[in-house]
Amino acid sequence: MAITKILIANRGEIACRVMRTAKKMGIKTVAVYSDADARAPHVLMADEAVHIGPSPAAQSYLIADKIIAACKATGADAVHPGYGFLSERESFRKALDAEGIIFVGPPANAIAAMGDKIESKKLALAAGVNVVPGFVGVIDDTEHAVRISNEIGYPVMMKASAGGGGKGMRLAYDEQDVREGFEATKREGLNSFGDDRVFIEKFIESPRHIEIQILGDQHGNIVYLNERECSIQRRHQKVVEEAPSPFVTPKMRKAMGEQCVALARAVGYFSAGTVELIVSGADTTGEGFYFLEMNTRLQVEHPVTEEITGVDLVEQMIRVANGEALAFTQDEVKINGWSIENRVYAEDPYRGFLPSTGRLIRYNPPEALDGVRVDDGVEEGGEVSIFYDPMIAKLITWAPTRLEAIDKQIAALDRFEIEGPGHNIDFVSALMQHERFRSGNITTGFIAEEYPDGFQGAPASGELLARLAAIGAFAAMAQADRARRIDGQLGKRLPPPTDWQVKIGDVLHDVEIDGDEVTVDGQSMDMALEYTPGDRLIEAEFGEDDLAVRIAPIRSGFVLTAHGASHKLRILPAHAARHASHMIEKIPPDLSRFLICPMPGLLIALHVAEGDKVEAGQPLAVIEAMKMENILRAQKAGVVKSVSAAQGESLAVDAIILEME
């Protein structure tokens, strides 16, 4: 029986993504929505929509009975779970089976087997998949530890069984290190945790996170659709994904793919699934890859695989659920070009990546042309709510080569307009420009290593700053030209100034604009652009180079945003600039003695009262937002002077919680 109506048990970007394919296949769609999503794009996109409860997911999207009731009410004969929510819940699959509703995904036994960390490792071992080599058992003495380490292969990590917080861990690069460190590790375990058991496992050097996309049907055909590199992560959350991986060779791809297919076959897998591997970047043989876990669902980053293989994964999932056989074989799976995905999150990289919520006052993604794809589930005027994941959109680019795909990302990010919540567009643009990322020499530690003190904006080259100075002067001249045309002015109309002084940071640039001739600091510049006062985006051409710049007026000039950073430009006509030293700058007030709420949220705990002494780093309050608790700590030692917020209160961003003396 073919699927005629599919209910998408999800929201946002992935719900819209599934609906696009279902509509293309001529299948009717049903949306479900919570209170918060009543006017969300996925609801408007579907043929029918069913309300399933209050805003918190635990009272709506996570309740299987409500999804099943919605299927019955609308006559939906299938459910696509997307990712997250109920997508990897064995009980949900079983409940649908019992009702005779088709689940667009793998069988219940595969979900259960792969959901169990220990069980899945045993299965992987039995199926001949590499797992991180290690020894779990009682190690008799140093000689035994040496024998084990030699078998595993160096480097190895010796860990106290009860260890944690970095204690009771020793890295050994050779036999000598094991002899010196084994007893010490035992003693540390005994002293710190009262337990001297030690286990040894292989230490993965320069770890990379690489995953293999699997697709199987209900007739025993299983193929792998190559790999994705997902090493660029922040706190285990993926930020950038690409396909193929710059590290994987054809021989390695075949070995990884075949092992992952063997694992899928061992659990009778069908539908789309992903096997995640940890890969040693230091192992040039290409054999240092090990099973981490299997995700029995569609992944957030599936578009990069679609871009290089030409396979619509959602369509394949629906066809497999319908009982169809795969229409292609492993030999027909090709790699065409390169694709990169950046996740655009509502988080503020300039404030330690704090989650950000609120109304999307402006949402204007780049146009989906020429290898640029935007998967989103939001629209201008919508709300990034505190109840769900803070992802706004996914920006996917395709090009024949990796560097072209990266450069396409930079250009598209420059054209991406978001106002309202904080967002990470500058940050992902900075990643795309980073020499180490461009070299392909990346590991899971990349962000922590390259941005140890947080993110302050992407560094700008001298050439970019000169170009921004020229654009700023041109925009200032256009404004002056408009100002002089206003009616009712005394005297004759003055021509707009052509000589300007532009200050970016501490650097002054002299810009002259004479007809089509533009010079910056005496150097001639080939620049073509159009700007009308009020425009928010300027697309300029400098010879062969295109540069898109977001522009916003401020009192003394403009803020120009491009290539991962915002630059404040103070722009004065040359004849006025010499008086600039007399213009006194207003210094912003010192707010360091206030504890300020960093985001809209609920104050769920307040640990101090008036008159309390606090030390630097001491937790003062806890704010709950975006399903996460955020601990606010004291920046410096002092005494609490006054408290202006109460526990249980909903606070706006920048609300003052307390003041220190």
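Preceding block: the structure.
Student: I'm lost on the environment of Ala 95 in this one. Help?
Tutor: Residue position: Ala 95 is located in helix 4 (residues 90-99). You can call Ala 95 partly exposed: its relative accessible area is 26%.

Student: Any chance you could explain the nonpolar core here in plain terms?
Tutor: Side chains that are nonpolar tend, in soluble globular proteins, to be buried together. Counting 38 residues, the largest nonpolar core has Ile 232, Leu 431 and Met 432 as the members making the most contacts within it. Looking at this core, the elements with two or more residues in it are strand 12 (237-243), strand 15 (338-345), strand 20 (372-376), strand 22 (391-399), helix 12 (402-414), helix 13 (425-433) and helix 15 (446-450). It is helix 13 that provides the largest number of residues to this core, a total of 6 residues. Judged by nonpolar contacts, the second largest core, of 34 residues, contains Ile 8, Ile 27, Val 223 and Met 317.

Student: I keep staring at empty space enclosed by the protein and nothing clicks. Help me out?
Tutor: The rolling of a water-molecule-sized probe over the atoms marks out the regions of remaining empty space. A full pass over the atoms with the stated rule returns 1 cavity of 30 Å³ or more. Along its surface, the largest cavity is lined by Leu 413, Asp 414, Ile 425, Asp 426, Ser 429, Arg 550, Thr 561, Ala 562, His 563, Gly 564 and Ala 565. The biggest single contributor to the lining of the largest cavity is helix 13, with 3 residues. Here the lining of the largest cavity is composed, by residue class, of 4 nonpolar, 4 polar and 3 charged.

Student: Which parts of the structure should I look at to understand helix 9 (residues 250-266)?
Tutor: Quick reminder: α-helices carry 3.6 residues per turn. Residues three or four places apart thus point the same way. Counted at 1.5 Å a residue, the expected span for helix 9 with its 17 residues is 24 Å, and the 24 Å between its end C-alpha atoms agrees. For helix 9, the set of buried residues is Met 252, Arg 253, Met 256, Gly 257, Gln 259, Cys 260, Val 261, Leu 263 and Ala 264. For helix 9, the elements touching its buried residues are helix 5 (108-115), helix 6 (117-126), strand 10 (207-216), strand 11 (222-234), strand 13 (271-280) and strand 14 (289-295). Where helix 9 terminates, the next one or two residues include Gly 268, which has phi positive at roughly 65°.

Student: Mind showing me how you'd approach the pattern of salt bridges here?
Tutor: When the charged atoms of two side chains lie near each other, side chains of opposite charge can form a pair. The final tally for this structure, using the stated rule, is 49 salt bridges. Between Arg 170 and Glu 188 there is a salt bridge; the shortest N-O distance is 2.9 Å. You can see Arg 170 sitting in strand 8 (residues 167-172) and its partner Glu 188 sitting in helix 8 (residues 175-193), a full 18 residues away along the chain. You can call Arg 170 partly exposed: its relative accessible area is 28%. Among the ionic pairs, Asp 481 bridges to Arg 484, the shortest N-O distance being 2.6 Å. Remark: Arg 484 and Asp 481 occur in helix 16 (residues 462-484); sequence separation between them is 3 residues, near one turn of the helix. The structure contains a network of salt bridges with shared partners spanning Arg 17, Arg 20, Lys 24, Glu 306, Glu 307, Asp 312, Glu 315, Arg 319, Glu 324, Arg 373 and Asp 375.

Student: In this structure, what is going on with the layout of surface pockets? I would like to understand it.
Tutor: Approximately 1200 Å³ is the volume attributed to the largest pocket. What lines the largest pocket is a set of 47 residues, and nearest its centre among them are Arg 11, Phe 85, Tyr 388, Asp 389 and Met 391. Breaking the lining of the largest pocket down by element, the ones donating at least two residues are helix 1 (12-24), helix 2 (41-45), strand 12, strand 14, strand 15, strand 21 (383-384) and strand 22. For the lining of the largest pocket, the per-class residue count stands at 14 nonpolar, 15 polar and 18 charged.

Conventions we followed
Residues numbered from 1 in each chain as written. Predicted model: local features only at pLDDT ≥ 70, side-chain atom pairs only at ≥ 80, totals over all residues. Heavy atoms only, no water. Helix = DSSP H or I, 4+ residues; strand = E, 2+ residues; numbered from the N terminus. Buried < 20%, exposed > 50% of the residue type's maximum accessible area, 1.4 Å probe, protein only. Core = buried A, V, L, I, M, F, W, Y, C linked by side-chain atoms within 4.5 Å. 1 Å grid on protein atoms, 1.4 Å probe; cavity = no way out; pocket = protein on both sides within 12 Å on 5 of 7 lines; lining within 4 Å. Points joined across faces, edges and corners; volume = space filled by probe spheres on them. Nonpolar A, V, L, I, M, F, W, Y, C, P; charged D, E, K, R; others polar. Expected span 1.5 Å × (residues − 1). Contact = heavy atoms within 4.5 Å. Salt bridge = Lys/Arg side-chain N within 4 Å of Asp/Glu carboxyl O.

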